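Examining the three-dimensional arrangement
As a plain string of letters, each chain reads:
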There are 4 protein chains.
Amino acid sequence: MPEPTLVTRRPVVIEWGDCDPAGIVFYPRYFAMFDAATGGLFQAALGMPKIRWIARFGILGIPMVDTRARFLIPSAYGDEVVIESRVAAFRRSSFDVQHRLLKGEALAVEASETRVWTVRDPETGAIRSHPIPPEVIAAVAR
Amino acid sequence: MPEPTLVTRRPVVIEWGDCDPAGIVFYPRYFAMFDAATGGLFQAALGMPKIRWIARFGILGIPMVDTRARFLIPSAYGDEVVIESRVAAFRRSSFDVQHRLLKGEALAVEASETRVWTVRDPETGAIRSHPIPPEVIAAVAR
Amino acid sequence: MPEPTLVTRRPVVIEWGDCDPAGIVFYPRYFAMFDAATGGLFQAALGMPKIRWIARFGILGIPMVDTRARFLIPSAYGDEVVIESRVAAFRRSSFDVQHRLLKGEALAVEASETRVWTVRDPETGAIRSHPIPPEVIAAVAR
Amino acid sequence: MPEPTLVTRRPVVIEWGDCDPAGIVFYPRYFAMFDAATGGLFQAALGMPKIRWIARFGILGIPMVDTRARFLIPSAYGDEVVIESRVAAFRRSSFDVQHRLLKGEALAVEASETRVWTVRDPETGAIRSHPIPPEVIAAVAR
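Residues numbered from 1 in each chain as written. Chains lettered and ligands numbered in written order. Predicted model: local features only at pLDDT ≥ 70, side-chain atom pairs only at ≥ 80, totals over all residues. Heavy atoms only, no water.

1. Some remarks on the overall build of chain A
- Regarding its fold elements, chain A presents three helices and seven strands.
- Put simply, chain A runs from its N terminus to its C terminus through helices and strands in the order β-α-α-β-β-β-β-β-β-α.
- Relative to the globule expectation of 14 Å for 142 residues, the C-alpha radius of gyration of chain A, 16 Å, shows essentially globular dimensions.
- The dimensions of chain A, computed from C-alpha atoms along their principal axes, are 50 × 35 × 25 Å. (Helix = DSSP H or I, 4+ residues; strand = E, 2+ residues; numbered from the N terminus. Rg over C-alpha atoms; globule rule 2.2 N^0.38 Å.)

2. Describing the pairing of strand 4 (residues 94–103) of chain A
Residues and elements named next belong to chain A.
- With seven of 10 residues buried, strand 4 is to be regarded as a mostly interior element.
- Relative to strand 4, strand 3 (residues 80–90) is paired through eight bridges, and the arrangement is antiparallel. Paired with valine 87 across the two strands is valine 97, which belongs to strand 4.
- Linkage of strand 3 to strand 4, two consecutive antiparallel strands, is achieved through a turn of three residues.
- Bridge count between strand 4 and strand 5 (residues 106–116): 10 bridges; the pairing is antiparallel. Pairing of aspartate 96 across the sheet is with threonine 114, part of strand 5. (Buried < 20%, exposed > 50% of the residue type's maximum accessible area, 1.4 Å probe, protein only. Pairing = 2+ DSSP bridges.)

3. Quick notes on the interface of chain D and chain A
- Listed per partner, the contact involves 23 residues of chain D and 23 residues of chain A.
- For the pair chain D and chain A, the summed buried area comes to about 1,800 Å², and 62% of that belongs to carbon and sulfur atoms.
- Across the contact surface, chain D and chain A share two salt bridges.
- The closest approach of N and O atoms between aspartate 66 of chain D and arginine 68 of chain A, which form a salt bridge, is 2.6 Å. (Contact = heavy atoms within 4.5 Å. Buried area = accessible area lost by both parts, 1.4 Å probe. Salt bridge = Lys/Arg side-chain N within 4 Å of Asp/Glu carboxyl O.)

Don't take any of this as a statement about function, it's just geometry.
And the structure:
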(Lines give C-alpha, C1' and ligand atoms only; values in the text may rest on other atoms or scores of the structure.)
Protein backbone atom coordinates (compact mmCIF):
# COMPACT_ATOMS: atom_id res chain seq x y z
CA MET A 1 0.00 0.00 0.00
CA PRO A 2 1.20 3.54 -0.58
CA GLU A 3 2.64 5.28 2.45
CA PRO A 4 0.11 7.75 3.95
CA THR A 5 1.82 11.10 3.70
CA LEU A 6 -0.85 13.72 4.29
CA VAL A 7 -0.28 15.69 7.49
CA THR A 8 -2.83 18.23 8.67
CA ARG A 9 -2.12 21.01 11.12
CA ARG A 10 -5.19 22.25 12.99
CA PRO A 11 -5.03 25.34 15.23
CA VAL A 12 -7.14 25.09 18.40
CA VAL A 13 -7.78 27.75 21.03
CA ILE A 14 -8.40 26.33 24.50
CA GLU A 15 -11.74 27.67 25.75
CA TRP A 16 -12.90 28.35 29.31
CA GLY A 17 -15.37 25.45 29.01
CA ASP A 18 -12.59 23.03 28.05
CA CYS A 19 -10.94 23.49 31.45
CA ASP A 20 -11.56 22.04 34.89
CA PRO A 21 -11.32 23.41 38.44
CA ALA A 22 -7.53 22.93 38.34
CA GLY A 23 -7.56 25.45 35.47
CA ILE A 24 -6.24 22.99 32.89
CA VAL A 25 -7.90 21.14 30.02
CA PHE A 26 -10.26 18.40 31.24
CA TYR A 27 -8.58 15.52 29.40
CA PRO A 28 -11.72 14.03 27.77
CA ARG A 29 -11.90 17.32 25.82
CA TYR A 30 -8.60 16.44 24.13
CA PHE A 31 -10.24 13.33 22.69
CA ALA A 32 -13.06 15.45 21.25
CA MET A 33 -10.39 17.68 19.67
CA PHE A 34 -8.59 14.63 18.25
CA ASP A 35 -11.86 13.23 16.90
CA ALA A 36 -12.46 16.51 15.07
CA ALA A 37 -8.84 16.47 13.86
CA THR A 38 -9.29 13.01 12.33
CA GLY A 39 -12.46 14.25 10.65
CA GLY A 40 -10.50 17.21 9.35
CA LEU A 41 -7.71 14.97 8.05
CA PHE A 42 -10.13 12.95 5.93
CA GLN A 43 -11.91 16.13 4.86
CA ALA A 44 -8.58 17.49 3.61
CA ALA A 45 -7.84 14.22 1.82
CA LEU A 46 -11.26 13.69 0.26
CA GLY A 47 -12.23 17.31 -0.33
CA MET A 48 -15.54 17.09 1.48
CA PRO A 49 -16.72 17.05 5.13
CA LYS A 50 -17.29 13.77 6.98
CA ILE A 51 -21.05 14.02 6.65
CA ARG A 52 -20.64 13.84 2.87
CA TRP A 53 -17.95 11.18 2.57
CA ILE A 54 -19.91 8.98 4.99
CA ALA A 55 -22.87 9.23 2.61
CA ARG A 56 -20.66 8.87 -0.47
CA PHE A 57 -19.08 5.60 0.71
CA GLY A 58 -22.29 4.34 2.32
CA ILE A 59 -20.71 3.83 5.73
CA LEU A 60 -21.97 4.29 9.24
CA GLY A 61 -18.78 6.00 10.38
CA ILE A 62 -15.25 5.26 11.57
CA PRO A 63 -15.76 4.29 15.22
CA MET A 64 -12.81 4.12 17.57
CA VAL A 65 -11.68 0.70 18.73
CA ASP A 66 -8.49 1.59 20.59
CA THR A 67 -6.99 4.89 21.62
CA ARG A 68 -4.16 6.01 23.85
CA ALA A 69 -2.94 9.42 24.86
CA ARG A 70 0.03 10.66 26.86
CA PHE A 71 -0.26 14.08 28.47
CA LEU A 72 3.14 15.73 28.79
CA ILE A 73 2.40 19.43 29.30
CA PRO A 74 -0.93 20.82 30.57
CA SER A 75 -2.74 23.54 28.64
CA ALA A 76 -4.88 26.27 30.14
CA TYR A 77 -7.61 28.64 29.05
CA GLY A 78 -6.50 30.94 26.26
CA ASP A 79 -3.64 28.74 25.09
CA GLU A 80 -3.28 28.45 21.34
CA VAL A 81 -2.15 25.00 20.30
CA VAL A 82 -1.79 23.07 17.06
CA ILE A 83 -2.82 19.46 16.42
CA GLU A 84 -0.72 17.66 13.82
CA SER A 85 -2.47 14.55 12.50
CA ARG A 86 -1.51 11.80 10.10
CA VAL A 87 -2.60 8.27 9.21
CA ALA A 88 0.13 5.96 10.46
CA ALA A 89 -1.14 2.80 8.79
CA PHE A 90 -3.99 1.44 6.71
CA ARG A 91 -5.06 -2.17 7.03
CA ARG A 92 -7.85 -3.97 5.18
CA SER A 93 -10.72 -2.40 7.14
CA SER A 94 -9.02 -0.52 9.96
CA PHE A 95 -6.44 2.23 10.21
CA ASP A 96 -4.28 4.07 12.73
CA VAL A 97 -4.09 7.82 13.22
CA GLN A 98 -1.46 9.72 15.20
CA HIS A 99 -1.95 13.15 16.72
CA ARG A 100 0.65 15.49 18.20
CA LEU A 101 -0.68 18.48 20.10
CA LEU A 102 1.97 21.17 20.09
CA LYS A 103 2.39 24.26 22.27
CA GLY A 104 4.82 26.27 20.19
CA GLU A 105 7.61 23.78 19.51
CA ALA A 106 6.86 21.59 22.54
CA LEU A 107 4.95 18.31 22.34
CA ALA A 108 2.14 18.65 24.90
CA VAL A 109 -0.07 15.63 24.12
CA GLU A 110 0.60 12.60 21.96
CA ALA A 111 -2.21 10.29 20.91
CA SER A 112 -2.77 7.28 18.73
CA GLU A 113 -6.02 5.76 17.63
CA THR A 114 -7.28 2.75 15.71
CA ARG A 115 -10.57 3.08 13.87
CA VAL A 116 -12.66 0.78 11.73
CA TRP A 117 -14.35 1.49 8.39
CA THR A 118 -17.85 0.48 9.41
CA VAL A 119 -21.10 -0.30 7.65
CA ARG A 120 -24.51 -1.36 8.82
CA ASP A 121 -25.34 -4.77 7.36
CA PRO A 122 -28.39 -4.12 5.14
CA GLU A 123 -29.91 -7.49 6.03
CA THR A 124 -29.21 -7.97 9.71
CA GLY A 125 -28.80 -4.32 10.76
CA ALA A 126 -25.63 -5.28 12.61
CA ILE A 127 -22.60 -2.97 12.64
CA ARG A 128 -19.62 -4.57 10.90
CA SER A 129 -16.30 -3.68 9.31
CA HIS A 130 -15.86 -3.23 5.56
CA PRO A 131 -12.71 -2.95 3.38
CA ILE A 132 -11.46 0.62 3.07
CA PRO A 133 -11.92 1.78 -0.56
CA PRO A 134 -8.62 2.15 -2.48
CA GLU A 135 -9.52 5.74 -3.42
CA VAL A 136 -9.65 6.69 0.26
CA ILE A 137 -6.21 5.20 0.83
CA ALA A 138 -4.90 6.91 -2.29
CA ALA A 139 -6.35 10.27 -1.23
CA VAL A 140 -4.62 10.13 2.14
CA ALA A 141 -1.35 8.92 0.54
CA ARG A 142 -1.06 11.85 -1.81
CA MET B 1 -56.66 18.61 28.16
CA PRO B 2 -55.92 16.94 31.49
CA GLU B 3 -53.51 18.83 33.73
CA PRO B 4 -50.01 17.28 33.64
CA THR B 5 -49.32 16.21 37.20
CA LEU B 6 -46.33 13.91 37.08
CA VAL B 7 -43.28 15.36 38.85
CA THR B 8 -39.95 13.56 38.75
CA ARG B 9 -37.11 14.12 41.18
CA ARG B 10 -33.68 13.24 39.82
CA PRO B 11 -30.60 13.24 42.07
CA VAL B 12 -27.43 14.50 40.38
CA VAL B 13 -23.88 14.60 41.74
CA ILE B 14 -21.78 17.43 40.31
CA GLU B 15 -18.64 15.93 38.83
CA TRP B 16 -15.16 17.45 38.44
CA GLY B 17 -15.63 17.53 34.66
CA ASP B 18 -18.87 19.54 35.01
CA CYS B 19 -16.95 22.45 36.54
CA ASP B 20 -14.89 25.27 35.07
CA PRO B 21 -11.74 27.11 36.21
CA ALA B 22 -13.86 29.20 38.61
CA GLY B 23 -14.67 25.88 40.32
CA ILE B 24 -18.40 26.05 39.60
CA VAL B 25 -20.60 24.21 37.12
CA PHE B 26 -19.98 25.33 33.52
CA TYR B 27 -23.54 26.40 32.75
CA PRO B 28 -23.97 24.49 29.44
CA ARG B 29 -23.65 21.35 31.57
CA TYR B 30 -26.89 22.27 33.36
CA PHE B 31 -28.71 22.10 30.03
CA ALA B 32 -27.34 18.59 29.44
CA MET B 33 -28.64 17.65 32.91
CA PHE B 34 -32.05 19.17 32.12
CA ASP B 35 -32.19 17.34 28.79
CA ALA B 36 -31.58 14.06 30.60
CA ALA B 37 -34.20 15.06 33.19
CA THR B 38 -36.82 15.60 30.48
CA GLY B 39 -35.92 12.21 29.03
CA GLY B 40 -36.33 10.74 32.51
CA LEU B 41 -39.70 12.41 32.97
CA PHE B 42 -41.10 10.80 29.83
CA GLN B 43 -39.45 7.51 30.73
CA ALA B 44 -41.25 7.60 34.07
CA ALA B 45 -44.54 8.45 32.35
CA LEU B 46 -44.30 5.95 29.50
CA GLY B 47 -42.47 3.15 31.30
CA MET B 48 -39.68 2.87 28.75
CA PRO B 49 -36.50 4.82 27.87
CA LYS B 50 -36.54 7.55 25.21
CA ILE B 51 -34.87 5.31 22.63
CA ARG B 52 -37.88 3.00 22.81
CA TRP B 53 -40.72 5.54 22.93
CA ILE B 54 -39.11 7.38 20.01
CA ALA B 55 -39.31 4.14 18.03
CA ARG B 56 -42.77 3.30 19.38
CA PHE B 57 -44.31 6.61 18.26
CA GLY B 58 -42.24 6.79 15.08
CA ILE B 59 -40.77 10.19 15.88
CA LEU B 60 -37.38 11.74 15.28
CA GLY B 61 -37.23 13.24 18.75
CA ILE B 62 -38.41 16.19 20.82
CA PRO B 63 -36.00 18.96 19.78
CA MET B 64 -35.78 22.14 21.80
CA VAL B 65 -37.18 25.30 20.27
CA ASP B 66 -36.91 27.70 23.19
CA THR B 67 -35.23 27.42 26.57
CA ARG B 68 -34.39 29.78 29.38
CA ALA B 69 -32.55 29.29 32.63
CA ARG B 70 -31.88 31.50 35.62
CA PHE B 71 -28.87 30.67 37.78
CA LEU B 72 -29.43 31.70 41.38
CA ILE B 73 -26.87 29.75 43.41
CA PRO B 74 -23.69 28.24 41.94
CA SER B 75 -22.86 24.57 42.50
CA ALA B 76 -19.40 23.10 42.83
CA TYR B 77 -17.71 19.73 42.47
CA GLY B 78 -19.11 17.14 44.88
CA ASP B 79 -22.42 18.93 45.43
CA GLU B 80 -25.45 16.68 45.50
CA VAL B 81 -28.47 18.36 43.93
CA VAL B 82 -31.95 17.31 42.85
CA ILE B 83 -33.71 18.24 39.60
CA GLU B 84 -37.49 18.47 39.89
CA SER B 85 -39.18 18.31 36.49
CA ARG B 86 -42.76 18.59 35.29
CA VAL B 87 -44.62 19.27 32.05
CA ALA B 88 -46.17 22.72 32.45
CA ALA B 89 -48.37 22.60 29.35
CA PHE B 90 -49.19 20.46 26.35
CA ARG B 91 -50.25 22.04 23.08
CA ARG B 92 -51.17 20.33 19.82
CA SER B 93 -47.61 19.42 18.83
CA SER B 94 -45.44 21.21 21.35
CA PHE B 95 -45.10 21.24 25.12
CA ASP B 96 -43.38 23.08 27.95
CA VAL B 97 -41.23 21.54 30.68
CA GLN B 98 -40.10 23.22 33.88
CA HIS B 99 -37.05 22.21 35.89
CA ARG B 100 -36.05 23.29 39.38
CA LEU B 101 -32.55 22.36 40.49
CA LEU B 102 -32.48 22.28 44.27
CA LYS B 103 -29.57 22.37 46.72
CA GLY B 104 -31.22 21.09 49.84
CA GLU B 105 -34.29 23.31 50.14
CA ALA B 106 -32.83 26.18 48.11
CA LEU B 107 -33.69 26.81 44.46
CA ALA B 108 -30.34 26.99 42.67
CA VAL B 109 -31.35 26.95 38.98
CA GLU B 110 -34.74 27.39 37.38
CA ALA B 111 -35.32 26.48 33.74
CA SER B 112 -38.14 26.28 31.25
CA GLU B 113 -38.16 24.70 27.84
CA THR B 114 -40.45 24.33 24.85
CA ARG B 115 -40.04 21.26 22.71
CA VAL B 116 -41.76 19.95 19.60
CA TRP B 117 -43.02 16.43 18.86
CA THR B 118 -41.12 15.91 15.63
CA VAL B 119 -41.24 13.48 12.75
CA ARG B 120 -39.32 13.17 9.53
CA ASP B 121 -41.68 13.53 6.58
CA PRO B 122 -41.51 10.14 4.82
CA GLU B 123 -41.83 11.76 1.40
CA THR B 124 -39.72 14.89 1.56
CA GLY B 125 -37.35 13.89 4.38
CA ALA B 126 -38.00 17.26 6.02
CA ILE B 127 -38.26 17.58 9.81
CA ARG B 128 -41.75 18.73 10.86
CA SER B 129 -44.03 18.81 13.89
CA HIS B 130 -46.73 16.19 14.52
CA PRO B 131 -49.65 16.12 16.99
CA ILE B 132 -48.70 14.65 20.35
CA PRO B 133 -50.52 11.31 20.82
CA PRO B 134 -53.29 11.44 23.45
CA GLU B 135 -51.77 8.46 25.27
CA VAL B 136 -48.56 10.43 25.85
CA ILE B 137 -50.53 13.31 27.32
CA ALA B 138 -52.57 10.92 29.44
CA ALA B 139 -49.43 9.17 30.71
CA VAL B 140 -47.87 12.42 31.89
CA ALA B 141 -51.17 13.57 33.41
CA ARG B 142 -51.57 10.55 35.62
CA MET C 1 -23.16 55.27 29.21
CA PRO C 2 -21.78 54.98 25.69
CA GLU C 3 -23.67 52.62 23.39
CA PRO C 4 -21.84 49.28 23.02
CA THR C 5 -21.07 49.05 19.33
CA LEU C 6 -18.50 46.29 18.94
CA VAL C 7 -19.87 43.30 17.02
CA THR C 8 -17.79 40.16 16.61
CA ARG C 9 -18.36 37.52 13.97
CA ARG C 10 -17.05 34.08 14.90
CA PRO C 11 -17.01 31.24 12.35
CA VAL C 12 -17.82 27.81 13.81
CA VAL C 13 -17.74 24.41 12.12
CA ILE C 14 -20.22 21.93 13.57
CA GLU C 15 -18.31 18.81 14.59
CA TRP C 16 -19.48 15.17 14.76
CA GLY C 17 -19.22 15.28 18.56
CA ASP C 18 -21.52 18.34 18.72
CA CYS C 19 -24.40 16.30 17.29
CA ASP C 20 -26.87 13.85 18.79
CA PRO C 21 -28.54 10.67 17.51
CA ALA C 22 -31.04 12.80 15.54
CA GLY C 23 -28.00 14.08 13.62
CA ILE C 24 -28.40 17.69 14.74
CA VAL C 25 -26.51 19.81 17.25
CA PHE C 26 -27.19 18.74 20.87
CA TYR C 27 -28.48 22.10 22.09
CA PRO C 28 -26.28 22.39 25.23
CA ARG C 29 -23.36 22.57 22.80
CA TYR C 30 -24.74 25.87 21.45
CA PHE C 31 -24.38 27.37 24.92
CA ALA C 32 -20.72 26.30 25.02
CA MET C 33 -20.27 28.00 21.63
CA PHE C 34 -21.97 31.16 22.91
CA ASP C 35 -19.83 31.16 26.05
CA ALA C 36 -16.72 31.04 23.87
CA ALA C 37 -18.20 33.79 21.67
CA THR C 38 -18.69 36.07 24.69
CA GLY C 39 -15.09 35.38 25.70
CA GLY C 40 -14.03 36.25 22.16
CA LEU C 41 -16.03 39.49 22.20
CA PHE C 42 -14.22 40.73 25.31
CA GLN C 43 -10.91 39.48 23.94
CA ALA C 44 -11.52 41.59 20.81
CA ALA C 45 -12.46 44.60 22.94
CA LEU C 46 -9.66 44.34 25.49
CA GLY C 47 -6.92 42.96 23.26
CA MET C 48 -6.13 39.99 25.48
CA PRO C 49 -7.69 36.57 26.20
CA LYS C 50 -10.12 36.07 29.11
CA ILE C 51 -7.49 34.39 31.26
CA ARG C 52 -5.49 37.64 31.16
CA TRP C 53 -8.25 40.21 31.59
CA ILE C 54 -9.65 38.17 34.49
CA ALA C 55 -6.25 38.49 36.17
CA ARG C 56 -5.85 42.14 35.11
CA PHE C 57 -9.15 43.21 36.67
CA GLY C 58 -8.82 40.86 39.63
CA ILE C 59 -12.15 39.15 39.03
CA LEU C 60 -13.34 35.59 39.41
CA GLY C 61 -15.15 35.62 36.10
CA ILE C 62 -18.40 36.69 34.46
CA PRO C 63 -20.82 33.95 35.50
CA MET C 64 -24.17 33.61 33.78
CA VAL C 65 -27.27 34.55 35.74
CA ASP C 66 -29.93 34.33 33.04
CA THR C 67 -29.86 33.00 29.50
CA ARG C 68 -32.41 32.22 26.85
CA ALA C 69 -32.10 30.73 23.39
CA ARG C 70 -34.54 30.16 20.57
CA PHE C 71 -33.69 27.44 18.06
CA LEU C 72 -35.13 28.24 14.65
CA ILE C 73 -33.19 26.08 12.20
CA PRO C 74 -31.27 22.94 13.18
CA SER C 75 -27.63 22.52 12.19
CA ALA C 76 -25.89 19.25 11.37
CA TYR C 77 -22.38 17.88 11.24
CA GLY C 78 -20.20 19.74 8.77
CA ASP C 79 -22.29 22.89 8.72
CA GLU C 80 -20.33 26.12 8.74
CA VAL C 81 -22.08 28.80 10.77
CA VAL C 82 -21.24 32.25 12.09
CA ILE C 83 -21.99 33.60 15.57
CA GLU C 84 -22.55 37.36 15.70
CA SER C 85 -22.19 38.73 19.23
CA ARG C 86 -22.65 42.13 20.80
CA VAL C 87 -23.16 43.62 24.26
CA ALA C 88 -26.75 44.86 24.35
CA ALA C 89 -26.51 46.75 27.64
CA PHE C 90 -24.14 47.50 30.49
CA ARG C 91 -25.46 48.10 33.99
CA ARG C 92 -23.50 48.86 37.15
CA SER C 93 -22.20 45.32 37.69
CA SER C 94 -24.06 43.24 35.12
CA PHE C 95 -24.43 43.25 31.36
CA ASP C 96 -26.40 41.63 28.56
CA VAL C 97 -24.98 39.91 25.48
CA GLN C 98 -26.87 38.93 22.36
CA HIS C 99 -25.82 36.18 19.97
CA ARG C 100 -27.16 35.43 16.51
CA LEU C 101 -26.06 32.14 14.97
CA LEU C 102 -26.36 32.43 11.20
CA LYS C 103 -26.44 29.77 8.49
CA GLY C 104 -25.65 31.83 5.45
CA GLU C 105 -28.15 34.69 5.67
CA ALA C 106 -30.65 32.78 7.80
CA LEU C 107 -30.97 33.23 11.56
CA ALA C 108 -30.69 29.71 13.02
CA VAL C 109 -30.34 30.36 16.77
CA GLU C 110 -30.90 33.54 18.75
CA ALA C 111 -29.68 33.86 22.32
CA SER C 112 -29.45 36.45 25.04
CA GLU C 113 -27.54 36.29 28.28
CA THR C 114 -27.06 38.32 31.43
CA ARG C 115 -23.76 38.01 33.23
CA VAL C 116 -22.30 39.55 36.35
CA TRP C 117 -18.84 41.07 36.89
CA THR C 118 -17.82 38.93 39.83
CA VAL C 119 -15.12 39.01 42.47
CA ARG C 120 -14.31 36.82 45.44
CA ASP C 121 -14.57 38.85 48.63
CA PRO C 122 -11.02 38.85 50.03
CA GLU C 123 -12.30 38.68 53.61
CA THR C 124 -15.24 36.30 53.52
CA GLY C 125 -14.33 34.31 50.40
CA ALA C 126 -17.89 34.79 49.15
CA ILE C 127 -18.63 35.38 45.46
CA ARG C 128 -20.17 38.82 44.89
CA SER C 129 -20.76 41.37 42.13
CA HIS C 130 -18.47 44.36 41.54
CA PRO C 131 -18.91 47.50 39.39
CA ILE C 132 -17.72 47.00 35.82
CA PRO C 133 -14.62 49.17 35.22
CA PRO C 134 -15.25 52.16 32.90
CA GLU C 135 -12.36 51.12 30.67
CA VAL C 136 -14.09 47.78 29.96
CA ILE C 137 -17.28 49.59 28.98
CA ALA C 138 -15.31 52.04 26.85
CA ALA C 139 -13.42 49.24 25.12
CA VAL C 140 -16.65 47.47 24.11
CA ALA C 141 -18.23 50.78 23.03
CA ARG C 142 -15.51 51.65 20.56
CA MET D 1 3.10 -1.84 49.51
CA PRO D 2 -0.23 -3.45 50.31
CA GLU D 3 -2.18 -4.74 47.32
CA PRO D 4 -5.00 -2.33 46.38
CA THR D 5 -8.15 -4.36 46.76
CA LEU D 6 -11.04 -1.92 46.72
CA VAL D 7 -13.29 -2.35 43.67
CA THR D 8 -16.14 0.04 43.01
CA ARG D 9 -19.11 -0.67 40.78
CA ARG D 10 -20.78 2.44 39.35
CA PRO D 11 -24.06 2.19 37.42
CA VAL D 12 -24.33 4.59 34.47
CA VAL D 13 -27.28 5.24 32.19
CA ILE D 14 -26.29 6.32 28.68
CA GLU D 15 -28.02 9.62 27.92
CA TRP D 16 -29.15 11.05 24.57
CA GLY D 17 -26.47 13.75 24.85
CA ASP D 18 -23.73 11.12 25.29
CA CYS D 19 -24.41 9.77 21.79
CA ASP D 20 -23.37 10.85 18.32
CA PRO D 21 -25.08 10.81 14.90
CA ALA D 22 -24.27 7.10 14.56
CA GLY D 23 -26.47 6.61 17.64
CA ILE D 24 -23.66 5.28 19.84
CA VAL D 25 -21.68 6.83 22.69
CA PHE D 26 -19.29 9.53 21.47
CA TYR D 27 -16.10 7.97 22.85
CA PRO D 28 -14.72 11.07 24.64
CA ARG D 29 -17.79 10.76 26.88
CA TYR D 30 -16.47 7.41 28.15
CA PHE D 31 -13.37 9.18 29.44
CA ALA D 32 -15.57 11.65 31.36
CA MET D 33 -17.38 8.64 32.86
CA PHE D 34 -14.07 7.00 33.80
CA ASP D 35 -12.82 10.24 35.34
CA ALA D 36 -15.92 10.35 37.52
CA ALA D 37 -15.46 6.67 38.34
CA THR D 38 -11.90 7.29 39.57
CA GLY D 39 -13.21 10.16 41.68
CA GLY D 40 -15.86 7.80 43.05
CA LEU D 41 -13.27 5.13 43.84
CA PHE D 42 -11.25 7.51 46.00
CA GLN D 43 -14.44 8.88 47.54
CA ALA D 44 -15.37 5.33 48.55
CA ALA D 45 -11.88 4.74 49.95
CA LEU D 46 -11.48 8.04 51.79
CA GLY D 47 -15.10 8.59 52.81
CA MET D 48 -15.34 12.08 51.34
CA PRO D 49 -15.77 13.60 47.84
CA LYS D 50 -12.76 14.65 45.75
CA ILE D 51 -13.29 18.32 46.50
CA ARG D 52 -12.69 17.56 50.17
CA TRP D 53 -9.78 15.12 49.96
CA ILE D 54 -8.04 17.49 47.55
CA ALA D 55 -8.29 20.18 50.24
CA ARG D 56 -7.43 17.73 53.02
CA PHE D 57 -4.18 16.58 51.38
CA GLY D 58 -3.37 20.03 50.01
CA ILE D 59 -3.07 18.84 46.41
CA LEU D 60 -4.01 20.38 43.10
CA GLY D 61 -5.53 17.16 41.81
CA ILE D 62 -4.66 13.84 40.19
CA PRO D 63 -4.11 14.79 36.55
CA MET D 64 -3.93 12.11 33.90
CA VAL D 65 -0.57 11.42 32.31
CA ASP D 66 -1.37 8.37 30.22
CA THR D 67 -4.63 6.65 29.36
CA ARG D 68 -5.73 3.97 26.96
CA ALA D 69 -9.12 2.52 26.16
CA ARG D 70 -10.30 -0.33 23.98
CA PHE D 71 -13.88 -0.22 22.75
CA LEU D 72 -15.26 -3.71 22.24
CA ILE D 73 -19.05 -3.29 22.16
CA PRO D 74 -20.84 0.00 21.39
CA SER D 75 -23.48 1.36 23.73
CA ALA D 76 -26.52 3.38 22.73
CA TYR D 77 -28.98 5.77 24.31
CA GLY D 78 -30.88 4.17 27.19
CA ASP D 79 -28.34 1.43 27.84
CA GLU D 80 -27.62 0.75 31.49
CA VAL D 81 -24.01 -0.15 32.08
CA VAL D 82 -21.74 -0.64 35.08
CA ILE D 83 -18.19 0.67 35.46
CA GLU D 84 -15.94 -1.50 37.64
CA SER D 85 -12.87 0.40 38.84
CA ARG D 86 -9.80 -0.53 40.86
CA VAL D 87 -6.32 0.80 41.51
CA ALA D 88 -3.94 -1.57 39.76
CA ALA D 89 -0.73 -0.18 41.25
CA PHE D 90 0.59 2.58 43.46
CA ARG D 91 4.05 4.02 42.93
CA ARG D 92 5.78 6.79 44.89
CA SER D 93 3.78 9.65 43.39
CA SER D 94 1.78 8.06 40.61
CA PHE D 95 -0.75 5.27 40.35
CA ASP D 96 -2.66 3.20 37.80
CA VAL D 97 -6.41 2.71 37.64
CA GLN D 98 -8.28 0.11 35.59
CA HIS D 99 -11.87 0.43 34.47
CA ARG D 100 -14.13 -2.22 32.96
CA LEU D 101 -17.41 -1.00 31.49
CA LEU D 102 -19.85 -3.89 31.49
CA LYS D 103 -23.11 -4.40 29.59
CA GLY D 104 -24.67 -7.19 31.59
CA GLU D 105 -21.89 -9.78 31.73
CA ALA D 106 -20.11 -8.55 28.61
CA LEU D 107 -17.00 -6.36 28.69
CA ALA D 108 -17.84 -3.36 26.48
CA VAL D 109 -14.95 -0.97 27.18
CA GLU D 110 -11.67 -1.55 28.97
CA ALA D 111 -9.51 1.35 30.07
CA SER D 112 -6.34 1.97 32.01
CA GLU D 113 -4.98 5.23 33.30
CA THR D 114 -1.91 6.58 35.04
CA ARG D 115 -2.33 9.64 37.22
CA VAL D 116 0.00 11.71 39.34
CA TRP D 117 -0.50 13.01 42.88
CA THR D 118 0.10 16.68 42.15
CA VAL D 119 0.77 19.80 44.16
CA ARG D 120 1.42 23.39 43.23
CA ASP D 121 4.87 24.41 44.44
CA PRO D 122 4.20 27.15 47.01
CA GLU D 123 7.31 29.07 45.98
CA THR D 124 7.47 28.78 42.21
CA GLY D 125 3.78 28.12 41.48
CA ALA D 126 4.81 25.24 39.23
CA ILE D 127 2.78 22.02 39.12
CA ARG D 128 4.81 19.05 40.37
CA SER D 129 4.36 15.52 41.70
CA HIS D 130 4.34 14.69 45.40
CA PRO D 131 4.55 11.33 47.27
CA ILE D 132 1.14 9.72 47.78
CA PRO D 133 0.32 9.73 51.53
CA PRO D 134 0.45 6.23 53.13
CA GLU D 135 -3.07 6.69 54.48
CA VAL D 136 -4.42 7.08 50.95
CA ILE D 137 -2.70 3.87 49.88
CA ALA D 138 -3.96 2.11 53.01
CA ALA D 139 -7.52 3.33 52.42
CA VAL D 140 -7.59 1.94 48.88
CA ALA D 141 -5.97 -1.33 50.01
CA ARG D 142 -8.59 -2.09 52.61
